[in-house]
Amino acid sequence: MGTTRDIAVIVGSLRKESLNRKMAKALIELAPPELKLEIVEIGALPLFNEDLEANVPEAWTSFRERVRRANGVIFVTPEYNRSVPGVLKNAIDVASRPHGKSAWDGKPAGVVSVSPGAIGGFGANHHLRQSLVFLNMPAMQQPEAYIGGAGKLFDDAGRLSNDSTREFMRKFLAAYAAWVEKIAAQGSVP
Ligand SMILES: Cc1cc2nc3c(=O)[nH]c(=O)nc-3n(C[C@H](O)[C@H](O)[C@H](O)COP(=O)(O)O)c2cc1C
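Residues numbered from 1 in each chain as written. Predicted model: local features only at pLDDT ≥ 70, side-chain atom pairs only at ≥ 80, totals over all residues. Heavy atoms only, no water.

Engineer: Sorry, what's going on with the pattern of salt bridges here?
Structural biologist: Working definition: two side chains of opposite charge can pair if their charged atoms are close together. Scanning the model with the defined rule gives 11 salt bridges in all. Across the pair E167 and R170 runs a salt bridge, and its minimum N-O distance is 3.3 Å. Here E167 pairs with R170, and both are found in helix 5 (residues 163–185), just 3 residues apart, close to one helical turn. What makes R170 partly exposed here is its relative accessible area of 37%. Connected through salt bridges with shared partners, the residues D6, E38 and R66 form a single ionic network. (Salt bridge = Lys/Arg side-chain N within 4 Å of Asp/Glu carboxyl O. Helix = DSSP H or I, 4+ residues; strand = E, 2+ residues; numbered from the N terminus. Buried < 20%, exposed > 50% of the residue type's maximum accessible area, 1.4 Å probe, protein only.)

Engineer: Looking at this structure, how should I read the site of the ligand?
Structural biologist: Taken together, S13, R15, S18, L19, N20, P78, E79, Y80, N81, R82, S115 and P116 form the complete shell of residues around the ligand. In this structure, E79 approaches the ligand through a side-chain N or O atom, which is 2.7 Å from a nitrogen atom. S115 has a polar side-chain atom sitting 2.8 Å from an oxygen atom of the ligand. The fraction of the free accessible surface of the ligand (620 Å²) that becomes covered by protein chains is 70%. Of the residues contributing to the shell around the ligand, the split by class is 4 nonpolar, 5 polar and 3 charged. (Near = heavy atom within 4 Å. Polar contact = N/O pair within 3.5 Å; in protein donor to acceptor, adjacent residues only side chain to side chain. Areas by Shrake-Rupley, 256 points an atom, 1.4 Å probe, with all protein chains shown as cover. Nonpolar A, V, L, I, M, F, W, Y, C, P; charged D, E, K, R; others polar.)

Encoded structure:
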């Protein structure tokens, strides 16, 4: 304990007024001192095409290196058609290659899904978990974070203003910090 962990936050929406980005910013604000969260951008990553491995785009290289440096990853994602947005899946695919060199390998994951809808992006949250199994990313199971009705949780400045959600996210982050340490103790956190 006593170590500050570098946590990459991946936001599954590119929209300027994204509720998920607002939530990611709230997580940065609410994180305990042992976690340093940083949003790692995915919007400029060329679409995955294995042919490009012969001449890897710079944006892929820097994204892969940034993920590799991280001690853990928190995904904050919308639900699109009961799954994750293509931009998020693209980022996952990009950093999972080349084969045998996945940048995600072994990193403790947290999953937050945020939707204006009532079921809080449950479908996206669990579709994402399916990929995390294959990527060998131990994903924290509890507490689950399906944040519904999100259109009403932020104020005009984009700040998470709902007190009970703020409290819940604090608890989520405390549990995630403990999860990172637990996985680190098993020796798989870089
Ligand atoms: C292509 C598309 C598909 C969507 N599908 C779903 C869905 O399956 N479930 C859901 O709760 N919301 C769905 N929505 C609504 C999103 O939850 C809403 O646009 C949300 O604000 C997106 O997240 P963001 O604010 O972070 O961009 C969909 C939106 C789009 C554009």
